[in-house]
Amino acid sequence: MEYILIIGAKSELAKSIADIYASKGYSLYLSGRDIHSLSKFSDTLTSNYDVNVKLINLDLNSYDTHEAFVKELEVLPVGIVSATGYYPNQLKAQIDNDDMLNSITSNFTGPVSLINYLVEEMKRIKKGFIIGISSVSGERGRKKNYIYGSAKSGFTTFLSGLRNELFDYNIHVMTVILGFIRDGSETNSIKKMLSAKPREIAELIVSNQIKCRNIVYLKWYWRYIMFIIKNIPEFIFKRIDIK
Ligand SMILES: NC(=O)c1ccc[n+]([C@@H]2O[C@H](COP(=O)([O-])OP(=O)(O)OC[C@H]3O[C@@H](n4cnc5c(N)ncnc54)[C@H](OP(=O)(O)O)[C@@H]3O)[C@@H](O)[C@H]2O)c1
């Protein structure tokens, strides 16, 4: 049975991705902090589909556990989905080093550390895929969220280099540049219009992975929005306040 590992499996988006892969016959490693809170969800997956689901505790802040985490996987996964993230309050993260470091670990250095260990094993079997969920916030730094944004930016660049390296190993790396996930708290109509439900995003992520896409903006219009934002001259950009 082939396994897919989801890093940071507790969000609605990650659970939808898990459900879709399970429906396609993949067994799952669902990882994250306090992961046994997903027991009911895991039982639903195993009763709906003929798959195994293993819940594995993982705190990305505990770097010294990452190597053992990978070594202890009974079966090496053929697919990895990195769905972790932490979006801090920017003003708090500017003065609270722990909060700032949490964001950088959850979005960037934590998944990079774990993926590095996984990749060393996957290179031996020369197949598989890695999906990294990044963000439009990583495309250009702005005052609203540049700590989160710079961590995502680092992750996007890591995925680009990894895709280049793993091409020769038949391991496909897909970067997801995500806009807004709709969570029901959208107060303005533009944000609501630009957001998409977790299930819809999950379906697009899996269908694009199956097509071996490299960089996917979700939804598609974010590619054009970010093209415009990235091309605003810096002497103008530094004066404006993009929400
Ligand atoms: N929400 C958006 O509009 C949006 C926009 C662009 C990109 N994204 C990205 O899309 C992905 C999913 O977003 P979301 O809003 O659905 O996420 P979310 O609900 O905030 O979930 C993030 C997940 O990451 C896990 N996580 C955070 N720090 C961790 C750590 N140190 N160790 C282990 N797990 C950790 C969380 O676990 P705990 O439950 O234990 O905290 C949670 O399961 C993230 O990569 C996010 O950055 C989201």
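Here's what I pulled together on the structure shown here.

Definitions and limits used
Residues numbered from 1 in each chain as written. Predicted model: local features only at pLDDT ≥ 70, side-chain atom pairs only at ≥ 80, totals over all residues. Heavy atoms only, no water. Phe/Tyr/Trp six-rings, centres within 6.5 Å; stacked < 30°, edge-to-face > 60°. Lys NZ or Arg CZ within 6 Å of the ring centre and 35° of its normal. Near = heavy atom within 4 Å. Polar contact = N/O pair within 3.5 Å; in protein donor to acceptor, adjacent residues only side chain to side chain. Areas by Shrake-Rupley, 256 points an atom, 1.4 Å probe, with all protein chains shown as cover. Helix = DSSP H or I, 4+ residues; strand = E, 2+ residues; numbered from the N terminus. Nonpolar A, V, L, I, M, F, W, Y, C, P; charged D, E, K, R; others polar. Pairing = 2+ DSSP bridges. Right-handed = clockwise from strand over helix to strand, strands pointing away. Contact = heavy atoms within 4.5 Å. Patch = residues over 30% accessible without salt bridge, like charges linked within 9 Å, V, L, I, M, F, W, Y side chains within 5 Å. Salt bridge = Lys/Arg side-chain N within 4 Å of Asp/Glu carboxyl O. Buried < 20%, exposed > 50% of the residue type's maximum accessible area, 1.4 Å probe, protein only. Axes fitted to C-alpha atoms, helices over the stretch in contact; angles between N-to-C directions.

Some points on the packing of aromatic side chains
Throughout the structure, instances matching the rule amount to nine aromatic pairs. One aromatic cluster is present, formed by Phe180, Trp220, Tyr221, Trp222 and Tyr224 through successive ring pairs. A cation sits over an aromatic face here: arginine 140 above phenylalanine 237, 3.8 Å from the ring centre.

Focus on the site of the ligand
If you check the shell around the ligand, you find 21 residues, and the closest are Arg33, Leu60, Thr84, Tyr148 and Gly179. Within the contact set of the ligand, a nitrogen atom lies 2.9 Å away from a side-chain nitrogen or oxygen of serine 106. Against a free-state accessible area of 890 Å², the protein chains account for coverage of 77% of the ligand. With three residues, the single largest contributor to the shell around the ligand is strand 5 (residues 128–135). Class assignment for the residues of the shell around the ligand results in eight nonpolar, nine polar and four charged.

Side note on the pairing of strand 3 (residues 53–57)
Side-chain positions along a regular strand alternate between the two faces of the sheet. Here strand 2 (residues 27–32) pairs with strand 3 via five bridges, running parallel. The residue of strand 3 that forms the bridge with glycine 32 is asparagine 57. You can see the chain leave strand 2, run along helix 2 (residues 39–48) and come back into strand 3, and the turn it takes is right-handed.

Topic: the side chain of glutamate 139
Turning to its location among the elements, glutamate 139 is positioned in the loop between strand 5 and helix 6 (146–166). A distance of 2.5 Å separates the side chain of glutamate 139 from the side chain of tyrosine 217, its partner in a polar contact. Sequence-distant contacts of glutamate 139, that is, excluding residues within four places in its chain, are made with Ile177, Tyr217, Met226 and Lys230.

A look at a nonpolar patch on the surface
A contiguous nonpolar surface patch, about 270 Å² in accessible area, is contributed by Phe235, Ile236 and Ile240. Secondary-structure assignment places phenylalanine 235 in helix 10 (residues 234–237). Look at phenylalanine 235 and you get exposed, because its relative accessible area is 55%.

Quick look at the pattern of salt bridges
Summed over all chains, the structure comprises 14 salt bridges. With a shortest N-O distance of 3.4 Å, lysine 71 and glutamate 121 are connected by a salt bridge. Highlighted residues: lysine 71 in helix 3 (residues 66–71) and glutamate 121 in helix 5 (residues 97–125), separated in sequence by 50 residues. The class for lysine 71 is exposed, based on a relative accessible area of 56%. Note that arginine 124 and glutamate 121 form a salt bridge whose closest N and O atoms lie 2.4 Å from each other.

A short note on the sheet that holds strand 2
Strand order in the open sheet formed by seven strands is 3-2-1-4-5-6-9, and the pairing between neighbours is parallel. The open sheet has two free edges, formed respectively by strand 3 and strand 9 (215–218), since each of these has just one partner strand. Each strand of the sheet is rotated relative to its neighbour by a mean of 15 degrees, with strand direction disregarded.

Focus: unusual backbone geometry
Residues leucine 218 and lysine 219 are joined by a peptide bond in cis, for which omega reads -5 degrees. Take lysine 219: it is sitting in the loop between strand 9 and helix 9 (222–230). A positive phi angle, close to 45 degrees, is found at aspartate 34, a residue other than glycine. Among the secondary structure elements, aspartate 34 is positioned in the loop between strand 2 and helix 2. A relative accessible area of 55% places aspartate 34 in the exposed class. Backbone geometry places asparagine 170, a non-glycine residue, at a positive phi of 65 degrees. Locating asparagine 170 in the fold gives a position in the loop between helix 6 and strand 6 (171–178). A residue is classified by how much of its surface remains accessible, and asparagine 170, at 55% relative accessible area, is exposed.

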